There are 2 protein chains.
Amino acid sequence: MKESTAPLPSSVAFDSATGVIPDATAHYQKRLSDLRGLFLDSDALESRIRAEGDPLIYENYGFNQNQAEGDIFFGTTIIYPGKVGSEYHLTRGHYHRKRNFAETYQAVSGNGLVLFELQDGTTATAELAPGKVTYVPPYWAHRSVNTSDEPLIFLWTCPVDAGHDYEGLGGRGMRQVVLERNGVPKVEDRPGYRA
Amino acid sequence: MKESTAPLPSSVAFDSATGVIPDATAHYQKRLSDLRGLFLDSDALESRIRAEGDPLIYENYGFNQNQAEGDIFFGTTIIYPGKVGSEYHLTRGHYHRKRNFAETYQAVSGNGLVLFELQDGTTATAELAPGKVTYVPPYWAHRSVNTSDEPLIFLWTCPVDAGHDYEGLGGRGMRQVVLERNGVPKVEDRPGYRA
């Protein structure tokens, strides 16, 4: 019977200082060389890869026992602080493969922004900050950006069957970028962007 | 087009000291009189209702803009500390109407337990504590219990189409109970329980 093979209840620890989930079932890291093409300033990117030995930009721990419809997948993302040129560290960004699936984020430490974009080019942003749940609605592509001076650590929760579509954004990431301007983060359209 | 009427990205504040979500779209409270039949000691329950003016046992704030398949529903539950006789304060407990739907809890303050039960009577428990995500798998009924001396506040995240089935537990709640024994919480089978 299906029930007897269903995943078991559990209480899964995460380290709120580092974002590590010791019992994670999945883990990946993205170094700066994995993110070529996503930042505006590719000279600054290459020079940081040479100078810093290809630094770690973000990593992701996931916990999931099961891929069945209706189940939930959760984990942590840790985006280390820093900039490439004047652009803050970011995740690749994606749509859900099933576009009508939502997600939630909950920042544990650090501060940042989520950039959102619909297929028609409509944009939005929302804050990632402790004490807030950031709601990722159906249909919106989403990319997270660390605008703080410390690691941005957030928990994410998502139906397992949502899936990821990294191709829908056409390789470049999103319409908007988050740049440091006079010492503060500013959301701007990507130079040369055409709707 | 569906996309244009989809809910918008947002960052939804919750008060980690009280569990209040100021922008909640739903809120309910359960007083002791709403929980008649769920605690073992009904004399202790009636005497607390008389002595304390029907105290608030738990409340729930939810945030949801949309009931479409694939969307997510989240909120907070606050279980105030206390006991009815030697049984710790608890929520009603439920199955999901769509039994194959999962949920996650994340304790913000306080400590407690989740009691789990399959339709065949199999039981399990998992901890609710800050720094842990409590995973509620498909098929398991779940009830939360505050075993601490302070409000137990947790965030919950669930697909909107999971639904609630409060009837599947037959009105009495669950097979197991959490009682104070020699000053510490102990999980026991309900007296007279028959599989």
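For the structure itself, consult the block above.
Residues numbered from 1 in each chain as written. Chains lettered and ligands numbered in written order. Predicted model: local features only at pLDDT ≥ 70, side-chain atom pairs only at ≥ 80, totals over all residues. Heavy atoms only, no water.

*Asks:* Which parts of the structure should I look at to understand the layout of surface pockets?
*Replies:* To find leftover empty space, a probe the size of one water molecule is rolled over the atoms. Residues and elements named next belong to chain A. By volume, the largest pocket amounts to about 380 Å³. Looking at the largest pocket, it is lined by 29 residues, and the ones nearest its centre are Tyr-28, Asn-60, His-94, His-164 and Tyr-166. At the level of secondary structure, the elements contributing two or more residues to the lining of the largest pocket comprise β2 (26-31), β3 (56-63), β4 (72-79), β7 (103-109), β11 (141-146) and β12 (152-159). Residues belonging to the lining of the largest pocket are distributed by class as follows: 13 nonpolar, twelve polar and four charged. Space inside the second largest pocket adds up to approximately 330 Å³. (1 Å grid on protein atoms, 1.4 Å probe; cavity = no way out; pocket = protein on both sides within 12 Å on 5 of 7 lines; lining within 4 Å. Points joined across faces, edges and corners; volume = space filled by probe spheres on them. Helix = DSSP H or I, 4+ residues; strand = E, 2+ residues; numbered from the N terminus. Nonpolar A, V, L, I, M, F, W, Y, C, P; charged D, E, K, R; others polar.)

*Asks:* Honestly, the sheet that holds strand β9 (residues 123-128) of chain A in this entry has me stumped. Any pointers?
*Replies:* Residue and element names in this part refer to chain A. As summarised here, the arrangement of the three strands in space is β9-β8-β11, forming an open sheet in which the pairing is antiparallel. Single-partner strands in this sheet number two, and they are β9 and β11. With strand direction ignored, the average angle separating the axes of adjacent strands in the sheet is 25 degrees. Pairing analysis gives six bridges linking strand β8 (residues 112-117) to β11, with the strands arranged antiparallel. The residue bridging Val-114 from the neighbouring strand is Ser-144, located in β11. (Pairing = 2+ DSSP bridges. Axes fitted to C-alpha atoms, helices over the stretch in contact; angles between N-to-C directions.)

*Asks:* Is there a simple way to think about the interface of chain A and chain B in this case?
*Replies:* Interfaces are often sized by the accessible area lost when the parts come together. Each partner contributes residues to the interface: chain A has 44 residues there, and chain B has 44 residues. On inspection of chain A and its partner chain B, the count reaches zero salt bridges. Remark: the boundary between chain A and chain B carries 16 residue pairs in polar contact (both at pLDDT 80 or more). The set of elements that each furnish at least two residues to the side of chain A that touches chain B consists of β1 (10-13), β4, β7, β9, β10 (132-136) and β12 of chain A. The residue inventory of the side of chain A that touches chain B, partitioned by class, reads 25 nonpolar, twelve polar and seven charged. Relative to strand β1 (residues 10-13) of chain B, β10(A) is paired through four bridges, and the arrangement is antiparallel. Bridge pairing in β1(B) links A:Thr134 to B:Ser11. (Contact = heavy atoms within 4.5 Å. Salt bridge = Lys/Arg side-chain N within 4 Å of Asp/Glu carboxyl O. Polar contact = N/O pair within 3.5 Å; in protein donor to acceptor, adjacent residues only side chain to side chain.)

*Asks:* Teacher, can you tell me more about empty space enclosed by the protein here?
*Replies:* The tally for this structure, following the rule as stated, stands at one cavity of 30 Å³ or more. Here the largest cavity is characterised by a volume of approximately 120 Å³. If you trace the largest cavity, you find 13 residues lining it, with A:Gln106, A:Leu155, A:Thr157, B:Gln106 and B:Thr157 closest to the centre. Put simply, the parts of the chain that give the lining of the largest cavity at least two residues each are β7 and β12 of chain A together with β7 (103-109) and β12 (152-159) of chain B. Here the residues of the lining of the largest cavity sort into seven nonpolar, six polar and no charged.

*Asks:* How should I be thinking about the pattern of salt bridges in this particular structure?
*Replies:* Where charged atoms from two side chains of opposite charge approach closely, those side chains can pair. Residues and elements named next belong to chain B. Taken as a whole and assessed by the stated rule, the structure comprises 18 salt bridges over all chains. Across the pair Arg-175 and Asp-189 runs a salt bridge whose closest N-O atoms are separated by 3.1 Å. One end of the pair, Arg-175, is in the loop between β12 and β13 (176-181); the other, Asp-189, is in strand β14 (residues 184-189), with 14 residues separating them in the sequence. Judged by relative accessible area, which is 35%, Asp-189 ranks as partly exposed. In this structure, Lys-186 and Glu-188 form a salt bridge, with 3.8 Å as the shortest nitrogen-oxygen distance. Note on Lys-186: relative accessible area 43%, which makes it partly exposed. Judged by relative accessible area, which is 18%, Glu-188 ranks as buried. (Buried < 20%, exposed > 50% of the residue type's maximum accessible area, 1.4 Å probe, protein only.)

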